[in-house]
Amino acid sequence: MSQDMEPSRPADLEEAILELKCEKGAVVLAHFYQESDVQDLADVVGDSLALARAAQEIDCEMIVFCGVHFMAETAAILNPGIPVVVPDMEAGCSLADGCPPEEFKSFVADYPGAKVLTYINACAGVKAMSDLICTSSNAVKMVKQFEGEKLIFAPDRHLARWVAKETGRDDLIVWPGACVVHELFSAKGLAKLMIQHPDAEVLAHPECDQAVLDQADFIASTTGIISRAVASPDRPSIIATEDGVFHSILKQAPNKRLYQAPGMDESCACNRCPYMRLNTLEKLYDCLMNEGPCVTVPAELARQALMPIERMLTLS
Ligand code: 13P
Ligand code: SF4
């Protein structure tokens, strides 16, 4: 955009966002991987499960979703009558984008009679083909719902491998997707960092590669990682997830020493989610002001995708 096309925004963006929220009856939901200033203006900050639950219980004129597209889509499915706007429509997810509905349909067709358990990091089209949805915080419990049944798990192969180990299910049929952020943590780099900080506890997200998880003291969703870090404020933590979680940890335990697990390429910030970080305070202001861009889901697709989401929310 050329200089003279820059939209004019108020000098005090925070204040303007708070005023717009009131004026428009909007509720802002934000994931832990958002920029700190965005998290600070949100009404609810949480992991995927907490945000889906907040979206289910919400009462407002407009939902502003500061996260990635599949999260906003889930909020739209749960709230057919309420507009869901996002700061940046390009904020996708490598897991959701790597599992297109048409290809997933033929994958499922190869396993007649199999049930489908889908990680929430998937598009509405894939959710609509699923029997149940899970997040990283309830995946083990959700897999246990299908004891004795043939089960497809999509779209994260790392979460699938971890959950298979936790449940003893070595027969999961797995869609081979991966998160571009978590897959890039370096097991070797982590081992070196652990030598430098022998007293640190290693906390990892289950989307990480097995070689990283093998070195972790504790494996959990973002909420689980944050709670664990806060529970021992005097012990340093090495964190193998996106460093957006640091903000929430440091708010609750300001003296906590935190180290991010290194990526394969130490010269890049590859462990920052490139999609989540598209959202900025400026774009949050713009989407509130313009009441768009809006995430919509066709009614029939939303109806089909709603069932497995609601089932998860009831079971968790
Ligand atoms: P959580 O459900 O743990 O917040 O994870 C969401 C996600 O996208 C992890 O990369
Ligand atoms: Fe998707 Fe990975 Fe970003 Fe999470 S961190 S939103 S799984 S790309």
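Because the structure is predicted, anything quoted here is derived from the model rather than measured. Residue indices begin from 1 for each chain and proceed along its sequence in written order. Lettering for chains starts from A, numbering for ligands starts from 1, and both go in the order in which the items are written. Selection of residues for local features in this predicted model requires a pLDDT of at least 70, selection of side-chain atom pairs for listing and counting requires 80 or more, and totals for whole chains, interfaces and linings are taken over all residues. As a convention, hydrogens and water are excluded, and side-chain values are obtained from all of the structure's heavy atoms.

## Brief notes about the overall build of the chain
Counting secondary structure elements, the chain contains 15 helices and twelve strands. Atoms considered for the radius of gyration are the C-alpha atoms alone. The globule rule reads 2.2 Å times the number of residues to the power 0.38. Expected size for 316 residues packed as a compact globule is a radius of gyration near 20 Å; at 20 Å, the chain falls within 12% of this value. Projecting the C-alpha coordinates of the chain onto the three principal axes gives extents of approximately 55 × 50 × 35 Å. Split into buried and exposed, the 316 residues of the chain put 55% on the buried side. We call two residues in contact whenever any of their non-hydrogen atoms come within 4.5 Å of each other. Partitioning the contacts of the chain with sequence separation of at least 6, the portion at a separation of at least 24 is 62%. Only the protein chains shown count as covering a residue, and every accessible area follows the Shrake-Rupley method with a 1.4 Å probe. Within the structure as shown, the chain displays about 13800 Å² of accessible surface, and the carbon and sulfur contribution to it stands at 52%. Here the chain contributes 26 positively and 46 negatively charged side chains, and the mean placements of these two sets differ by 8 Å. Only runs of H or I of at least four residues qualify as helices and only runs of E of at least two qualify as strands under DSSP, and these elements are numbered from the N terminus. A 1.4 Å probe rolled over the protein chains alone gives each residue an accessible area, and that area as a share of the maximum for its type sets the label: buried under 20%, exposed over 50%, partly exposed in between. Charged residues are defined narrowly, with Lys and Arg counted positive, Asp and Glu counted negative, and His plus the chain ends left uncounted. Lysine's charge is taken at NZ, arginine's at CZ, aspartate's at CG and glutamate's at CD.

## Thoughts on the sheet that holds strand 9 (residues 201-204)
Ordered in space as 10-9-11-12, the four strands form an open sheet in which the pairing is parallel. At either end of the open sheet lies a strand with only one pairing partner, and these are strand 10 (218-219) and strand 12 (258-260). Sheet topology note: the strand 9/strand 10 ladder contains two bridges and is parallel. Following the sheet pairing, Leu-203 is matched in strand 10 by Phe-218. Contacts from helix 10 (residues 187-196) reach strand 9, strand 11 (237-240) and strand 12, with the element oriented near 170° to strand 11. To obtain each axis, a line is fitted to C-alpha atoms, and for helices this fit is confined to the stretch in contact; angles are then taken between N-to-C directions over 0 to 180 degrees. Where helix 12 (residues 222-231) meets the sheet, its contacts fall on strand 9, strand 10 and strand 11, and the angle it forms with strand 9 comes to roughly 160°. For two strands to be treated as a pair, DSSP must find at least two bridges joining them.

## Looking at the nonpolar core
Soluble globular proteins tend to bury their nonpolar side chains together. Only buried Ala, Val, Leu, Ile, Met, Phe, Trp, Tyr and Cys residues count toward a nonpolar core, and they belong to the same one when joined by side-chain atoms within 4.5 Å. Counting residues in each nonpolar core, the largest one holds 82 residues, and the members touching the most others are Leu-29, Phe-65, Leu-117 and Phe-153. When residues in this core are grouped by element, the largest group, seven residues, is from helix 4 (residues 69-78). Sequence-distant contacts of Phe-153, that is, excluding residues within four places in its chain, are made with Leu-117, Cys-134, Val-143, Leu-159, Ala-160, Val-163, Leu-172, Ile-173, Val-174 and Trp-175.

## Observations regarding empty space enclosed by the protein
In this analysis the probe radius is 1.4 Å and the grid spacing 1 Å, with only protein atoms considered; a cavity is a set of points the probe fits into but cannot get out of, a pocket is an open set with protein on both sides within 12 Å along at least five of seven lines, and lining residues have an atom within 4 Å of a point. Grid points are joined across faces, edges and corners, and a volume is the space filled by probe spheres set on the points. For the coordinates displayed, the defined rule picks out three cavities of 30 Å³ or more. In this structure, the largest cavity occupies an estimated 240 Å³ of space. Lining the largest cavity are 24 residues, and of these Tyr-33, Asn-121, His-182, Glu-207 and Met-276 sit closest to its centre. Contributing elements (two or more residues each) for the lining of the largest cavity: helix 4 and helix 5 (94-97).

## Details of the site of ligand 1
The local shell around ligand 1 consists of His-31, Tyr-33, Asp-47, Ser-48, Asn-121, Ser-136, His-182, His-205, Glu-207, Ser-221 and Thr-222. Asn-121 places a side-chain nitrogen or oxygen 3.2 Å from an oxygen atom of ligand 1. Thr-222 is positioned such that a nitrogen or oxygen atom in its side chain is 2.6 Å from an oxygen atom of ligand 1. Considering ligand 1 on its own, with 300 Å² of exposed area, one finds that the protein chains cover 96% of that surface. Placement in a cavity or pocket follows one criterion, namely that more than half of the molecule's atoms lie within 2 Å of its grid points. Counting atoms within 2 Å of the grid points, the majority share of ligand 1 lands in the largest cavity. Considered class by class, the residues forming the shell around ligand 1 number one nonpolar, eight polar and two charged. Here a residue is near a molecule or strand as soon as one of its heavy atoms is found within 4 Å of it. Counted as a polar contact is a pair of N or O atoms within 3.5 Å, where, for protein atoms, one must be capable of donating a hydrogen and the other of accepting one, and residues adjacent in sequence contribute only when both atoms are in side chains. Each residue receives one of three labels: charged for Asp, Glu, Lys and Arg, nonpolar for Ala, Val, Leu, Ile, Met, Phe, Trp, Tyr, Cys and Pro, and polar for the others, Gly being one of them.

## Concerning the side chain of Arg-277
Mapping Arg-277 onto the fold places it in the loop between strand 12 and helix 14 (281-290). Engagement of the side chain of Arg-277 in a polar contact is seen with the side chain of Glu-242, the distance being 2.9 Å. Leave out the neighbours within four places in its chain, and Arg-277 touches Tyr-33, Glu-35, Glu-242, Asp-243, Gly-244 and Arg-272.

## As for a negative patch on the surface
A surface patch of like charges, here negative, comprises Asp-12, Glu-14, Glu-15, Glu-19, Glu-23, Asp-37 and Glu-282. At four residues, the largest contribution of residues to the negative patch is made by helix 1 (residues 13-24). Within the secondary structure, Glu-23 sits in helix 1. Exposure remark for Glu-23: the relative accessible area of 64% places this residue in the exposed category. Nonpolar side chains (Val, Leu, Ile, Met, Phe, Trp, Tyr) are joined into patches within 5 Å and like charges within 9 Å, using only residues with over 30% relative accessible area and no salt bridge. Salt bridge, as used here, is a side-chain nitrogen of Lys or Arg placed within 4 Å of a carboxyl oxygen of Asp or Glu.

## Re the layout of surface pockets
There is about 150 Å³ of room inside the largest pocket. Forming the walls of the largest pocket are Ala-76, Ile-77, Asn-79, Pro-80, Ile-82, Pro-83, Val-84, Cys-294, Val-295, Thr-296, Val-297 and Ala-302. Taken together, the residues of the lining of the largest pocket sort by class into ten nonpolar, two polar and no charged.

## A closer look at the pairing of strand 1 (residues 26-31)
The element strand 1 is extensively covered by neighbouring structure, given that six of its six residues are classed as buried. Both strand 1 and strand 3 (residues 62-66) contribute to a ladder of five bridges, which runs parallel. Within the sheet, the bridge partner assigned to Val-27 lies in strand 3 and is Ile-63. Of the strand pairs in this sheet, strand 1 and strand 2 (residues 44-46) are connected by three bridges, and their pairing is parallel. When the bridges of strand 2 are listed, His-31 appears paired with Gly-46. In this view, the connection linking strand 1 to its parallel neighbour strand 2 by way of helix 2 (residues 36-41) has right-handed handedness. Here, the term right-handed applies to a crossover whose path from the first strand over the helix to the second runs clockwise when the strands point away from the viewer.

These values are about where atoms sit, not about what they do.
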